[in-house]
Structure formats: structure tokens, C-alpha cells
Amino acid sequence: MGFYEGIRIPLSLTQINDIRQLNDLLKEIENHSAPTNSPETFQHHVREATGSIRKAIDSLLTGEESGNQQPLLSSLQFILCQLDNALIAKTMRRYNIETLVLSLKCQLISPVCYRYLQSLDCLSLPHLSTLKRLYSNFGLDSEFTNYLKQSVTQFNKWERNVVIQMDEIHVKSTFTYKGGKIIGSSLNPTDPAKTVFAFMISSLSSIVRLLPCSSSSAEVLFPIIKDVIRDVEACGLSVHVLYFENIQVASTAVFEEIRKLYKSDQHSVAKLALRLTSKACWPSTLERQNVSLALRIFDESTAAALNVSYQSRYHTSTNSQTTDFIAIICNVWKLFNINTPNKGILHKDEFSVPLTYNDIRFMFLQRVVDWAECWRVMPDKRGKLSPQTFTSFRHSCIALPCIVNHLTGNCGYSYVLSSFLQNDPLEHHFGLYRMMSGAQCHISYCQVLETERRIKLSSILKLFSKKPVEDSISLKNFLESCSSSCDQDSHASFSLEMYLSAIQGYSGIELNKQILQSLSFIAGHSVHAYYKHSTKCQSCHLFLTENKEMEIEEPSDSEYRLIQIIDRGSLKWPSSDVIDAIITLWKVFSSIESQSSIFNNFITGPSRSILIQLTTSLIEDEQAEVWRVLCDECGTLMWDVLAKLLTATSNCLISNKIKNMNSQLPLKP
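Residue numbering note: each chain is counted from 1, following its sequence as written. Local features in a predicted model are, by the rule used here, given only for residues with pLDDT of at least 70; side-chain atom pairs are given and counted only at 80 or more, and totals for whole chains, interfaces and linings are based on all residues. Only hydrogens and water are set aside when side-chain values are computed; all heavy atoms of the structure are taken into account.

A. Region of the structure containing the overall build of the chain. Starting at the N terminus, helices and strands are each numbered in turn, a helix being any DSSP run of H or I of at least four residues and a strand any DSSP run of E of at least two. Each helix and strand in the chain was counted, giving 28 helices and six strands. Per-residue accessibility, obtained with a 1.4 Å probe over protein chains only, is compared with the maximum for each type, and a residue is labelled buried under 20%, exposed over 50%, and partly exposed between these values. Here the chain, with 669 residues, has 41% of them falling under the buried criterion. Residues are treated as being in contact if the distance between any of their heavy atoms lies within 4.5 Å. For the chain, the share of sequence-separated contacts (at least 6 apart) that also reach a separation of at least 24 residues comes to 66%. With an accessible surface of roughly 37500 Å², the chain has 54% of that area assigned to carbon and sulfur atoms. Every accessible area reported is derived by Shrake-Rupley at a probe size of 1.4 Å, with residue values counting cover from the shown protein chains alone.

B. Geometry of a nonpolar patch on the surface. Distance thresholds for patches are 9 Å for like charges and 5 Å for nonpolar side chains (Val, Leu, Ile, Met, Phe, Trp, Tyr), applied to residues having over 30% relative accessible area and no salt bridge. Criterion for a salt bridge: a side-chain nitrogen of Lys or Arg within 4 Å of a carboxyl oxygen of Asp or Glu. A cluster of nonpolar residues, Leu87, Ile88 and Met92, forms a patch on the protein surface that exposes about 240 Å² of accessible area. Relative to the helices and strands, isoleucine 88 is located in the loop between helix H3 (70-86) and helix H4 (97-109). Residue classification places isoleucine 88 among the partly exposed residues on the basis of a relative accessible area of 33%.

C. Helix H24 (residues 576-593), seen in detail. By this rule, a helix spans an expected 1.5 Å times one less than how many residues it contains. An ideal rise of 1.5 Å per residue puts 26 Å on 18 residues; H24 measures up with 25 Å between its terminal C-alpha atoms. The buried fraction of H24 is high, at 14 of 18 residues.

D. Looking closely at the side chain of glutamine 165. Tracing the backbone shows glutamine 165 in strand S1 (residues 161-170). For glutamine 165, a relative accessible area of 1% translates into the label buried. Contact partners of glutamine 165, with chain neighbours within four places excluded, come to Ala198, Phe199, Met200, Ser202, Tyr243, Phe420, Gln422, Asn423, Pro425 and Leu426.

E. Seen up close, the sheet that holds strand S6 (residues 238-244). Paired strands, in this sense, are two strands between which DSSP finds at least two bridges. Spatial ordering of the open sheet is given by S5-S4-S1-S6, a layout of four strands whose pairing is mixed. The open sheet has two edge strands, strand S5 (206-213) and S6, and neither has a second partner. Taken pair by pair, the neighbouring strands of this sheet meet at an average axis angle of 20°, ignoring direction. Where helix H8 (residues 218-234) meets the sheet, its contacts fall on S1, strand S4 (195-201), S5 and S6, and the angle it forms with S5 comes to roughly 160°. Its contacts with the sheet put helix H17 (residues 424-436) on S1, S4 and S5, and the angle it makes with S1 is roughly 45°. Each axis is a line fitted through C-alpha atoms, and for a helix only the stretch in contact is used; angles between axes span 0 to 180 degrees, taken between their N-to-C directions.

F. Broad picture of the pattern of salt bridges. Overall, the coordinates contain 10 salt bridges when judged by the stated rule. Between glutamate 373 and arginine 376 there is a salt bridge; the shortest N-O distance is 2.5 Å. Of the two residues, glutamate 373 and arginine 376 are both situated in helix H15 (residues 361-376); the distance of three residues between them amounts to about one turn of the helix. The partner of arginine 628 in a salt bridge is glutamate 620, and the shortest N-O contact between them spans 2.9 Å. Residue classification places arginine 628 among the partly exposed residues on the basis of a relative accessible area of 42%. Several salt bridges converge on common partners, so that one network encompasses Glu300, Lys334 and Asp349.

G. A look at the packing of aromatic side chains. Planes of paired rings set the category: under 30 degrees apart is stacked, over 60 is edge-to-face and the rest tilted, where pairs are Phe, Tyr or Trp rings (Trp by its six-membered ring) whose centres lie within 6.5 Å. According to the stated counting rule, one finds 13 aromatic pairs in the structure shown. Taking 5.9 Å as the distance between ring centres and 55° as the angle between the ring planes, the aromatic pair formed by phenylalanine 325 and tryptophan 371 counts as tilted. Pair noted here: phenylalanine 325 is in helix H13 (residues 321-335) and tryptophan 371 is in helix H15, with a separation of 46 residues, a long-range link. Judged by relative accessible area, which is 26%, tryptophan 371 ranks as partly exposed. Three or more aromatic residues joined by ring pairs form one cluster here, namely Phe298, Phe325, Trp371, Trp375 and Phe390.

H. Structural detail: the packing of H24 against helix H28 (residues 638-663). Taken N-terminus to C-terminus, the directions of H24 and H28 make an angle of 40°; their axes are 10 Å apart at the nearest point. One finds that H24 runs oblique with respect to H28. The way H24 lies across H28 gives a crossing that is right-handed. Where H24 abuts H28, its residues Val578, Ala581, Ile582, Leu585, Trp586, Phe589 and Glu593 lie against Leu642, Leu645, Leu646, Thr649, Ser650, Leu653, Ile654 and Lys657. Grouping the constituent residues of the contact of H24 with H28 by class yields 11 nonpolar, two polar and two charged. Note that the term roughly parallel is reserved for angles under 35 degrees, roughly antiparallel for angles over 145, roughly perpendicular for angles of 65 to 115, and oblique for everything else. The hand of a helix crossing depends on one turn: near helix anticlockwise from the far one by less than a right angle means left-handed, and clockwise means right-handed. Three classes are used, and their members are as follows: Ala, Val, Leu, Ile, Met, Phe, Trp, Tyr, Cys and Pro are nonpolar, Asp, Glu, Lys and Arg are charged, and the others, Gly among them, are polar.

Structure representation (C-alpha cells):
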């Protein structure tokens, strides 16, 4: 009834028998207050809605069928988070696990889409800086190991048996300075990584170790593989198989016969070879690595079409050699891609049945090994696999029966699905690295680390969201433990004693006028960087800078000469105390750089922290009375300001050193 709701109005005027009744009715209308659309009313309705949803969530959690209502429970918790944040300022909002998982997944898949959803203001989503803070201190090895130790108690007997997959991804040979560390070095610190070996637990689809290498050999990989297995088993898991493959599906059949078959019915509506395409028959150099195109050649329909065409052309009942070749590769492919127990029954194919102990199909693999060896020693070099692919193909065919017999004979398995013994999940992971790095084909090791950190945090948040409330681990405590463990690792990874003995002669390093002028300019930049993110205190400004109006007696020899030439009115002229501190930092860095063994340790550790701590220890001995003072106006301790100035200067010096190292790397022809 709108405005008149709650007012008793007569059905007709004939019901009014007295003028007093009409007077009472008019007074009631006059005194009645219409409902308003004030913000208080809106907030009241939102609070009522959140209260109703909380009651529904509590009833679902305490109900007997709470396990069957998990999708509905997740939806209600997401809606509840949106309603709670609708009444709160953006800077004060809090997000539950479901919202964090959704935000991380969306931002990982498409940052553009995530920014678009934020711009609509129809959803309450965390800011990008909030998401970055989640995984900024999140490590890759120790934190995931800690989570495994806490969650492995909920795994059953068979879930604790895992397969570790190992494969390599080629990366850019370059160094990167980020977050105070130099990233990109291999086991030899002065050599940039060319490949990254990844170790993945197949059942969890999560990386447990990333190993950058400049060259791979059995002597290097064997102790690392032992460490990975030891770390995984220390979490309560049992590693039954370590699988590493390097098989490349090569289209080496007699392509002329296949191309003739494609040309014969390419314009036909009823095709004989329905899987063949022009790209499959005439692949480019890059497309030859595409498995989906190769599988159009190595397909049963292609072999059958070749057989029909060959027999009708030559009026014979025998098969062509190309047909037999394709049939061999197809059967091997089936044996290595059994992914469900019922695949052989559904496809009515004996090569797709799960593998068992001393399977008769192992005899076929042995004949394939003998056939591949005869193929390898053929004098004709055309139409053959590379030596590395031959070796990988032979090892895979020999290793599969051994693995199956071990798992079924010694570990209690009744059958084995061979698809879990291949690296397709790991290759998919590598595809995510490239896609999330801007769809780049050749990415750096730093990009691999950043992407893996986000993927791992997203997967761990997803595991948290699926846990029952009474069994879940506190997400806040988990992330705090990750941050603290990262801090402990960064402080425990180096010792200052080794570096202090190496820089004893730092004061004897010569400093020419050109370097002095450059360091003065860098010092001014450091002062500007400090003021950019701090309060504009005039007293601190007078302590850190010089007066621009001062007269320079010898402009060509002054440390301010470079600043004077470039300055158009906004550059900072650092004080002599600031310049002296920056010079000390430069001399310490030069001392470390001049000693190869010390510099190798410097690269592998937290470089910026090492440089700053060494410099502050020297300034403590020589200039402590200058910096151990408080600002009269804002009360800031100048020693804390010094740490920020040294941080900005360290970033500049180390970044320039990394650029020099990258410029000296050999260029690929």
C-alpha cells in the first residue's frame, strides 16, 4: 500500500457516519510518517540479510548433512563476505578464504579481467597490492613443506604414496635483481641458469623444488634428487616412483605417402583420412613440436586410410610399411596413456587396459626396443630420431615394465595407470608459467619463481577452503609462519665475519672525481627516494641536503658538478655526511666485487642486506656521532633514515652491476 500502509481507511465514504470519524482519519494520515530511503534504513536491511545468512550457515554447519551442502555453504560464505564489506570503507575490508581464492585465480588467469571486475564496483574484491602482500613473503620450498607436514595426517594410506615427476624448462640466460636478491644464477653463481629442473608431486599437482642449472649431468642431479626425495618423505609421504621423460613425438613416417593420401580427398565431403589436416602434413619447424598435430598422423584412422589406399592401388592384401610404423607408435602411445581403469573396456582395446604384474604387453615393448635399435643403426640418416630421443624412447620402454612390476609386486597395487607416470601435468605447469608471464615463449628464472609463488599460494588457499572448519588450519597463522620463516632464512643464510675480513682494506680504494660526482648524484636520488615516502620535515631536509645557492669555488672539480649541470630546480643536493656514507657503501661493494670467491657468496645470498649491514657496521665505528641523533622537529632517529638511504643506493649499485654482467653474456647467434 506504500505510504498508506498501516492506516485504517474505510472501504467507502458511506461507512463514515460522523464528522468526527473523518477528522480522526485526517489526523491519522497527517501524523503518519512515510518510509524513507535513508542510508540508515538501507544499512539496517543489509544487516538483517547478513544475520539471516549467518543463521543459514550455522544451521548447515551443525546439520547432519553438512558434508553434502559444501557448494551451498561456499556460496553463502562468499555472499556474506560481500554484504559485510558493502557497509565498510575500502581500506577496512576483510576477505574470507573463498574470496581470496576467487581473486587470486582470476588475477592469475587474466589480470585485465580482474582489473575490469574491480572497476565495476559490483563486487568487493581485494586490491592488487593486497594480493601481492599475500605472496610477497611466501616461499617455494619450506612453506609448502610445512603445510604438507600439517596436512599429511589427514591423508589415507594410499594418498600418502606419491609419484614425483621431473622435467626441465629452458629459460633466458640472464640475471635479475629483485627484492634485494640476485636471481638467475645456477649452481655456479657466476653462470646464469639456462634450464630449470622442476620436481612435482603428481597427485597434488604442485611443485616441490625448482633447480636452476647451466648444464645438467648425472653427477649434479643425483644428490639433488636424493635431497628432494628425503624432504618429501620427511613430511610423511612415501615416494614410490621418480619419473623423468624426454620423449619427443617425432613425425618421421614416410610423409610423401601421407601427403598423397591427404591430397586425394582434401576436397571430398566424405573423407577417408578424417584426422589429417594441412598443418599436420606440412608442419613448420615450431609446429613439429606440437603433440596434437603429431597425433593426427599417428592415429588409427590414418593407418586404416593408408591401408585401404595402399591395397586398392596395388591390388594386394598386405599392409604398407608406413601403416605398420604408425601402428607401432600408436600402440606404444596407448600403453603410456592409460588414465582410467575402464578405458580398455570402453574403447574395446587391449592396449588401453590397466597394466598388471608381468603383463603380456611387456613382450611387445621389448620387441619395440629391439626394433628401435635396428632403426637406430640404419645407415641412412634421414627419417630417424635424434640420439637423445632414441635413448629416451628406449629407456622409457624398458623402465615401464620395471616400474609396474615393482608397484604391483612389492607395493601392493593390483594395477597401474601409466598416465600417472608421464609429465603432462608438469608440461601444463610450464604452460602456465609462459601464459602468466605475458604469453612469452622464452621466460626468465625470475618469472618462473614469481609465477610459481602465485600458483602455489592459490592452490594452498584452495586446499584451506575445502577443509572442514573444525579441522582447518588458521590461514593467518600459516601466512605469518611463512613470512617469519622467510625472514629467518634470509638472516641465517650468511655470516658477516667472512665479509668483514674481506673488506678490511676498503679505505685504500681510490676514488676519482668522475666516480665521486656520480656517487653524489646517486646520493641525491636516495634523499629524494626517502622524502617521497616520508613526512616532509624541514629539519630533516636541512640535515640531509645542502643549500643550492652556495657558491662552488671550483665547479669542474666539485662533487656537485654533475648535479649542477643537470639540475633544473628540483634535484636534491645531498649533504657531505650523506655523501660520505654513500662513498663508504661504494667502497664496501667494490671490495666484495674485486674478490671472486666472496662475490660468488654475495650473489647467492641476500645481497642488499649483506651490503647494508657491512656498511652500517663501518659507519657505526667512524661516524656514529653524526647519525645517532634525533630530529628536533619530528623526533626521527637519523640512523633509521641512514638505513633507508643505504637501501636506495644499494638497489642502484647492485642493479647496475647486474646489467653489466648481463651485457657480458655471450649473445646467441
